[in-house]
Amino acid sequence: MKKSWKEIPEGGLIVEPHTSLENKTGTWRSFRPVWDPQKCIHCMFCVFYCPDNAIPITKDDKPKRLDTNLDYCKGCGICANVCPTKAIEMVEEGDDQ
Ligand code: SF4
Ligand code: SF4
């Protein structure tokens with residue numbers, strides 16, 4: 001149940017941690033990044049530039065990227081633009097590839 005304006009903190013302060021996890025920005029998406037692991041050199045450009053932190057990585061000494069977390073990817077296409085090996089292609093939602 002949503003809180004009324006009388007119950008939320010003054011100034012709209014966020015007083016609990018990790019609330020952004022509840023905001024699933026993937027629902028905004030009209031385009032979806034399709035990652036090709038064969039072309040990926042794990043340079044991490046896409047990971048650093050993703051505004052939604054939607055690209056997970058392994059926890060090794062030499063981390064590797066994993067497939068995009070579509071719960072949070074909003075389909076902006078920045079990852080595809082910065083990828084030096086063209087390992088990410090943006091496809092319209094609904095197109096099966
Ligand atoms: S499309 Fe945008 S939000 Fe989605 S993974 Fe790429 S950079 Fe992140
Ligand atoms: S930018 Fe491209 S090559 Fe670099 S980690 Fe991301 S998908 Fe792989």
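Residues numbered from 1 in each chain as written. Chains lettered and ligands numbered in written order. Predicted model: local features only at pLDDT ≥ 70, side-chain atom pairs only at ≥ 80, totals over all residues. Heavy atoms only, no water.

Side note on the site of ligand 1
To keep it simple, the criterion reads: It suffices for a single heavy atom of a residue to lie within 4 Å of a molecule or strand for the residue to be listed as near it. Note on residue categories: nonpolar means Ala, Val, Leu, Ile, Met, Phe, Trp, Tyr, Cys or Pro, charged means Asp, Glu, Lys or Arg, and polar means any other residue, Gly included.
Not every one of the 13 residues close to ligand 1 is listed here, only the nearest: Cys50, Cys73, Cys76, Gly77 and Cys79. The residue makeup of the shell around ligand 1, split by class, is eight nonpolar, three polar and two charged.

Describing the packing of aromatic side chains
Note the cut-off: Any two of the Phe, Tyr and Trp rings considered here, Trp counted by its six-membered ring, make a pair once their centres fall within 6.5 Å; the pair's planes then place it as stacked at under 30 degrees, edge-to-face at over 60, or tilted in between. Helix numbers and strand numbers start at the N terminus; a helix is a DSSP run of H or I with at least 4 residues, a strand a run of E with at least 2. Relative accessible area decides the class of each residue, using a 1.4 Å probe on protein chains only: under 20% of the type maximum gives buried, over 50% gives exposed, and in between gives partly exposed.
In total, this model carries one aromatic pair according to the counting rule given. Between phenylalanine 45 and tyrosine 49 the ring centres are 6.5 Å apart and the planes differ by 70°, which places this aromatic pair in the edge-to-face class. Taken together, the residues phenylalanine 45 and tyrosine 49, both in helix 1 (residues 45-49) and four residues apart, mark about one turn of the helix. With relative accessibility at 40%, the residue phenylalanine 45 sits in the partly exposed group.

Examining the site of ligand 2
Close contacts around ligand 2 come from 14 residues, with Cys40, Cys43, Met44, Cys46 and Cys83 the closest. Classifying every residue of the shell around ligand 2 gives 11 nonpolar, two polar and one charged.

Focus on the side chain of arginine 32
What counts here: In protein, a polar contact means a hydrogen-donor-capable atom and an acceptor-capable atom, both N or O and within 3.5 Å, with residues adjacent in sequence counting only if both atoms are side-chain atoms; elsewhere, any N or O pair within 3.5 Å suffices.
By secondary structure assignment, the location of arginine 32 is in strand 1 (residues 31-35). Within the local environment of arginine 32, its side chain forms a polar contact with the side chain of glutamate 93, the two groups lying 3.3 Å apart.

A closer look at the nonpolar core
Selection rule: What is meant by a nonpolar core is a set of buried Ala, Val, Leu, Ile, Met, Phe, Trp, Tyr and Cys residues, joined one to another through side-chain atoms within 4.5 Å. By definition, residues are in contact when any of their heavy atoms lie within 4.5 Å.
With 15 residues, the main nonpolar core has Cys46, Ile55 and Ile88 as its most contacted residues. Among the secondary structure elements, those contributing two or more residues to this core are helix 1 and helix 2 (78-82). Excluding its chain neighbours within four sequence positions, the residues that come into contact with cysteine 46 are Ile55, Arg65, Cys79, Val82 and Ile88.

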